[in-house]
Amino acid sequence: MNGQASVLTFAVVGHPNEGKSSVVSTLTEDDSVRITPIPGETVVCRTFPVIIDGREIVRFVDTPGFQSPKATLAWFREHEGPDLPASFLKEHCGDPLFGGECELFQPLAEGAGIIYVLDASRPLRSVDKAEMEILRMTGIPRMAVINNKEDIGAYIPMWRCLLYTSDAADNPLCVDLGGRRILEKKKTKHTNNPTRCR
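These numbers were taken from a predicted model, which means no experiment stands behind them. (Residues numbered from 1 in each chain as written. Predicted model: local features only at pLDDT ≥ 70, side-chain atom pairs only at ≥ 80, totals over all residues. Heavy atoms only, no water.)

Q: I'm lost on the overall build of the protein in this one. Help?
A: Counting its regular elements, the protein contains seven helices and seven strands. Ordering the α and β elements of the protein from the N terminus gives β-α-β-β-α-α-α-β-α-β-α-α-β-β. Looking at the protein as a whole, 47% of its 198 residues are labelled buried. Sequence-distant contacts in the protein: of pairs separated by 6 or more residues, those separated by 24 or more amount to 63%. By element, 52% of the accessible surface of the protein is carried by carbon and sulfur atoms, the whole surface being about 10,300 Å². (Helix = DSSP H or I, 4+ residues; strand = E, 2+ residues; numbered from the N terminus. Buried < 20%, exposed > 50% of the residue type's maximum accessible area, 1.4 Å probe, protein only. Contact = heavy atoms within 4.5 Å. Areas by Shrake-Rupley, 256 points an atom, 1.4 Å probe, with all protein chains shown as cover.)

What follows is the structure, given as C-alpha cells:
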C-alpha cells in the first residue's frame, strides 16, 4: 500500500452554499481554504491534509455541491449494486448535467469516507432527502455536520431526527443517513469549532 492510500480521507459533501469549505477550513485549521457566500464557488475537489509532527494523519477533500440530486437519485435507484459512485462516474463523466456529482463522487470512488454538511437554519427540502438517500445508497461510512449558518435553532431537532438512525426508524417522515455521529457547528463570536452533540 502506498503512503497516499494509507491516509484516512474524508470527502466533505452536501448542497452548494451549506458551508462545506468552512467546515474543511475549521477541521484542518487552514485559512487558505477559499470561503465565499456565493453558491457554487467550489467547482473542483481540493484536498487539505492535516499534518502533525511532519506526518499526514488525515485529509479532507472539499467538493463542489450536488447539482442534480433528484436525477442522480433516480439513476442510483435504477442501478442499485456495489460501487455506485464508480459506476456513476463511468456512465456520466463529462455530462454537464452531473458535473458536480462526478467531481464529488471521485474521492468516494477512491475510498474516502463521507462528511455530509447541511444547513440546519432552514427546513428540510426534497433535495436534502435525495442527497441523504444517495449517500446512504453508496454504503460508504458517513457522518453529518450540522452547520447552523443563521443562528436559528428551530429546525435542529427535525434535522437530528432525520440523521439519527433510531429516530429515523421510528418516524415515517425521516430518512436514515445510517449513522449516529453528528457534529453541530455552532456560530459564535469567538470560535468556529464544531462541538459534539448528544
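Let us keep going from here.
Q: Please explain the packing of aromatic side chains as it appears in this structure.
A: For any pair of aromatic rings, the description consists of the separation of the ring centres together with the inter-plane angle of the planes. Here the structure, examined in full by the defined rule, presents eight aromatic pairs. A ring pair is formed by Phe76 and Phe88, whose centres lie 6.0 Å apart and whose planes are at 55°; its orientation type is tilted. One end of the pair, Phe76, is in helix α2 (residues 69-78); the other, Phe88, is in helix α3 (residues 84-92), and 12 residues separate them in sequence. In this structure, Phe76 and Phe88 share a single accessibility class: buried. With a centroid separation of 5.1 Å and 85° between ring planes, the pair formed by Phe88 and Phe98 is classed as edge-to-face. (Phe/Tyr/Trp six-rings, centres within 6.5 Å; stacked < 30°, edge-to-face > 60°.)

Q: Is there a simple way to think about the environment of Val33 in this case?
A: Within the fold, Val33 resides in the loop between α1 (20-28) and β2 (46-52). Assessed through its relative accessible area of 4%, Val33 is described here as buried. Between the C-alpha atom of Val33 and that of Thr47, which follows or precedes it by 14 residues, the distance is 9.7 Å.

Q: Would you take a moment to explain the pairing of strand β4 (residues 113-118) for this structure?
A: On a regular strand, one side chain projects to one face of the sheet and the next to the other, so that they alternate. The element β4 is extensively covered by neighbouring structure, given that six of its six residues are classed as buried. By the bridge criterion, five bridges tie β4 to strand β5 (residues 142-147) in an arrangement that is parallel. When the bridges of β5 are listed, Tyr116 appears paired with Ala144. The β-α-β motif built from β4, the intervening helix α5 (residues 126-138) and the parallel element β5 has right-handed crossover chirality. (Pairing = 2+ DSSP bridges. Right-handed = clockwise from strand over helix to strand, strands pointing away.)

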